[in-house]
Amino acid sequence: MPSNIEKCYQCGQCTSVCPMGEQEQTYKIRKFLQMEKLGIENEESIMTPFIFYCTTCYRCQDNCPQGVNIVDGVLEIRANAVHEGKMLDAHKKVAQMLMDYGHAVPNNTAGREKRLQLGLAEMPSTAQGSDDHLDEIRTLLHLTGFDRLIADEMPDMKVNEGLTLTKAGFDQPIAEESA
Amino acid sequence: MSELSLFLGCVAPNRYPGIEAATKKTFSKLAIELDDLLGASCCPAPGVFRSFDEETWLTLASRNIALSEKLDDDVLTICNGCYSTLKEAGDTLKKDPKLKETVNRNLIEIGHEFKGNHDVRHVIEYLYQDIGIERIKEMISKPLDLKVAVHYGCHLIRPLKEDGSELVNGNISFFDELVQATGATSVDYEDKMLCCGAGGGARTAILEATLKMTEKKLHNMADAQVDCIVNACPFCHLQFDSGQQDVNSRFRKNYSIPVLHYTQLLGLAMGYSADELGIGMNTTSTADLIKKIKD
Ligand code: SF4
Ligand code: SF4
């Protein structure tokens, strides 16, 4: 759905109810919407990677007096960033999981053992267990250009040292989870 | 004949298979047949894939729905993220013939077609609306004397709002009522509708910040002195269960609140053992809870 962020009149209600903004002072949804509206986007922009911190909880949107589809706006800003080659490393790994296994969180040894203990089949009846189905998924990911999207070399992600936000998130080991 | 196919998603079958087992057991007790959805993929996850590329998100989602349409079934999801993706993608395509055509051009290459003649359901709203509290009460053989912190999760509420459902009009209570039907008490707690912290790809991008949100939520639940958290989503489940240990070690806390998916709570109340429902397989100990139920 196309967003309607042009309706935003910058009251700041969204930022004041945002639970991510409460935890991370640098995450200011009102400011991101304004930057997007004014077209302030460049390499130094603080928007990427922080725009990826939104949990899409919709609390801002539920409280916006102007009826702005804020989360659609966030998704749009993110999609633009990703198409400019600015996908976060951790997200790239999740994307690769989808290509390799058809799942963002594929099965593993511990998962298989638990399944057997519960009397379930070792592998669920999902795409991961079948080459034919995996082929279908890879074909679709090729037709939509997703394989090329994640193959692009990423420019270095510059995280401004002066910001209060922790960098820890970018140095994590392989992220096996997403949502 | 079955009218529902079970969409497993990723986290339930691969990390918390107890949720899959509990769903199958409770539905069999309710005499509702669930078809397997052979070859289903990631829904794909709304927070990450929807933000990367809308067309990819719609295309993979429509393949999953098309698999279910072939069985002449509605899709049953046991995860808020899967519900949000499949429900919203399906409804978007139903409303937009041009987009549907674009997506089908790709699906036809692999022998599928999205028709748009079936619906997507979430297990919680399905049990509430199609089975009903009274019938569920009749199936309870072991009423549970537990104090429960219900966690709805943002992406259970959102698709229902988009759909104009009465369930989310005004005071929201459908999930609490289902929990109470098991004999348990749904306890009110501060900021109950707050997000678990994990969604939108944030857990992957910035684990530490998402855990701070989780900590806030755990703090409020602990204040209400609950016996367990009951959720409707394996991803919230993961954040509360595995994330609880991360919260404890990173922020020097000492939380120990057991975490159950609703299907597991219902399974206990229907007389299944904790072992059959995989309740002991969590990261955060469920031993005290299991003991309390046995006593
Ligand atoms: S609450 Fe709505 S109008 Fe106010 S700043 Fe946020 S998006 Fe703009
Ligand atoms: S949807 Fe994102 S920006 Fe809006 S309140 Fe939730 S975390 Fe904040």
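Remember, predicted model here, so these are calculated numbers, not experimental data.

Here we take up the overall build of chain B. Of the regular secondary structure elements, chain B holds 15 helices and eight strands. Here the C-alpha radius of gyration of chain B, 19 Å, is about what a compact globule of 295 residues would show, namely 19 Å. Over its C-alpha atoms, taken along the principal directions, chain B stretches across nearly 55 × 45 × 35 Å. Taken across its 295 residues, chain B has 68% of its residues classed as buried. A separation of at least 24 residues holds for 78% of the contacts in chain B among residues at least 6 apart in sequence. For chain B, the accessible surface area stands at approximately 10300 Å², while carbon and sulfur atoms represent 44% of it. Chain B carries 32 positive and 42 negative side-chain charges, and their two centres are separated by 4 Å.

Residues and elements named next belong to chain A. What surrounds ligand 1 is a group of 13 residues, the closest being Cys8, Cys11, Gly12, Cys14 and Cys64. Elements represented by at least two residues in the shell around ligand 1 include exactly α1 (13-17) and α3 (29-38). A breakdown of the residues in the shell around ligand 1 according to their chemical character gives eight nonpolar, four polar and one charged.

What follows is about the site of ligand 2. Residues in contact with ligand 2, as listed here, are Cys18(A), Pro19(A), Tyr27(A), Ile29(A), Cys54(A), Thr55(A), Thr56(A), Cys57(A), Tyr58(A), Cys60(A) and Val71(A). The residue inventory of the shell around ligand 2, partitioned by class, reads nine nonpolar, two polar and no charged.

To continue, consider the domain arrangement of chain B. Residues and elements named next belong to chain B. Taken domain by domain, chain B holds domain 1 (4-122) and domain 2 (132-294). The centre of domain 1, based on its C-alpha atoms, is set 23 Å off from the matching centre of domain 2. Between domain 1 and domain 2, the residue contacts involve 25 residues of the former and 34 residues of the latter. For the pairing of domain 1 and domain 2, the buried interface totals around 2400 Å² over both sides, and the portion due to carbon and sulfur atoms is 70%. When the buried area of domain 1 at its contact with domain 2 is split by residue, Tyr16, Lys29 and Asn80 rank highest and sum to 26% of it. Across the contact surface, domain 1 and domain 2 share one salt bridge. Across the pair aspartate 163 and lysine 87 runs a salt bridge whose closest N-O atoms are separated by 3.2 Å. Where domain 1 touches domain 2, the interface holds seven residue pairs in polar contact (both at pLDDT 80 or more). For the side of domain 1 that touches domain 2, the leading source of residues is helix α2 (residues 17-29), giving eight residues. Tallied by class, residues from the side of domain 1 that touches domain 2 come to twelve nonpolar, eight polar and five charged.

Once that is clear, we can look at the side chain of Thr77(B). Examined against the element boundaries, Thr77(B) turns out to sit in strand β3 (residues 74-77). Residues contacting Thr77(B), with those up to four places away along its chain left out, are Phe7(B), Cys82(B), Tyr83(B), Leu86(B), Val120(B), Arg121(B), His122(B) and Val123(B).

Take helix α9 (residues 131-143) of chain A next. With 13 residues, α9(A) extends 18 Å between its outermost C-alpha atoms, agreeing within 8% with the 18 Å of an ideal straight helix rising 1.5 Å per residue. Within α9(A), the full set of buried residues consists of His133(A), Leu134(A), Glu136(A), Ile137(A), Leu140(A) and Leu141(A). Down the axis of α9(A), the buried side of the element spans an arc of 155°, and every buried residue falls inside it. Set apart from the buried face of α9(A) by more than 90 degrees, the exposed residues are Asp131(A) and Asp132(A). In this structure, the buried side of α9(A) is in contact with α7 (89-101) and α10 (146-151) of chain A together with α4 (54-70) and α6 (97-109) of chain B. Directly beyond the C-terminal end of α9(A), a positive phi value near 85° is found at Gly145(A).

Before going further, it helps to examine the environment of Leu218(B). All names here are of chain B. As for its placement among the helices and strands, leucine 218 is situated in helix α12 (residues 207-223). C-alpha separation for the pair leucine 218 and histidine 118, spaced 100 residues apart in sequence, amounts to 38 Å. If sequence neighbours within four positions are ignored, leucine 218 has contacts with Ile229, Phe240, Gln244, Val247, Tyr255 and Ile257.

On to the interface of chain A and chain B. Each partner contributes to the interface: chain A provides 65 residues, whereas chain B provides 72 residues. Contact between chain A and chain B buries roughly 5800 Å² in total, counting both sides, with carbon and sulfur atoms accounting for 61%. Along the contact surface separating chain A from chain B lie seven salt bridges. Between Glu20(B) and Arg115(A) there is a salt bridge, with the nearest N and O atoms lying 2.7 Å from each other. For the pair chain A and chain B, the interface holds 26 residue pairs in polar contact (both at pLDDT 80 or more). When residues of the side of chain A that touches chain B are traced back to their parent elements, those giving at least two are α2 (19-23), α5 (59-63), α6 (70-83), α7, α8 (109-117), α9 and α10 of chain A. The biggest single contributor to the side of chain A that touches chain B is α9(A), with seven residues. Residues of the side of chain A that touches chain B, tallied by class, amount to 33 nonpolar, 22 polar and ten charged.

A few words on the state of the cysteines. Residues and elements named next belong to chain B. This structure, assessed with the given rule, holds zero disulfides over all chains. Cysteine cysteine 236 is unpaired, with the sulfur of cysteine 233 as its nearest cysteine sulfur at 3.8 Å. Under the relative-accessibility criterion, cysteine 236 is labelled buried at 7%.

What counts as what
Residues numbered from 1 in each chain as written. Chains lettered and ligands numbered in written order. Predicted model: local features only at pLDDT ≥ 70, side-chain atom pairs only at ≥ 80, totals over all residues. Heavy atoms only, no water. Helix = DSSP H or I, 4+ residues; strand = E, 2+ residues; numbered from the N terminus. Rg over C-alpha atoms; globule rule 2.2 N^0.38 Å. Buried < 20%, exposed > 50% of the residue type's maximum accessible area, 1.4 Å probe, protein only. Contact = heavy atoms within 4.5 Å. Areas by Shrake-Rupley, 256 points an atom, 1.4 Å probe, with all protein chains shown as cover. Lys, Arg positive; Asp, Glu negative; His and termini not counted. Charge placed at Lys NZ, Arg CZ, Asp CG, Glu CD. Near = heavy atom within 4 Å. Nonpolar A, V, L, I, M, F, W, Y, C, P; charged D, E, K, R; others polar. Domains from an automatic or database assignment. Buried area = accessible area lost by both parts, 1.4 Å probe. Salt bridge = Lys/Arg side-chain N within 4 Å of Asp/Glu carboxyl O. Polar contact = N/O pair within 3.5 Å; in protein donor to acceptor, adjacent residues only side chain to side chain. Expected span 1.5 Å × (residues − 1). Arc of directions from axis to C-beta. Disulfide = S-S within 2.5 Å.

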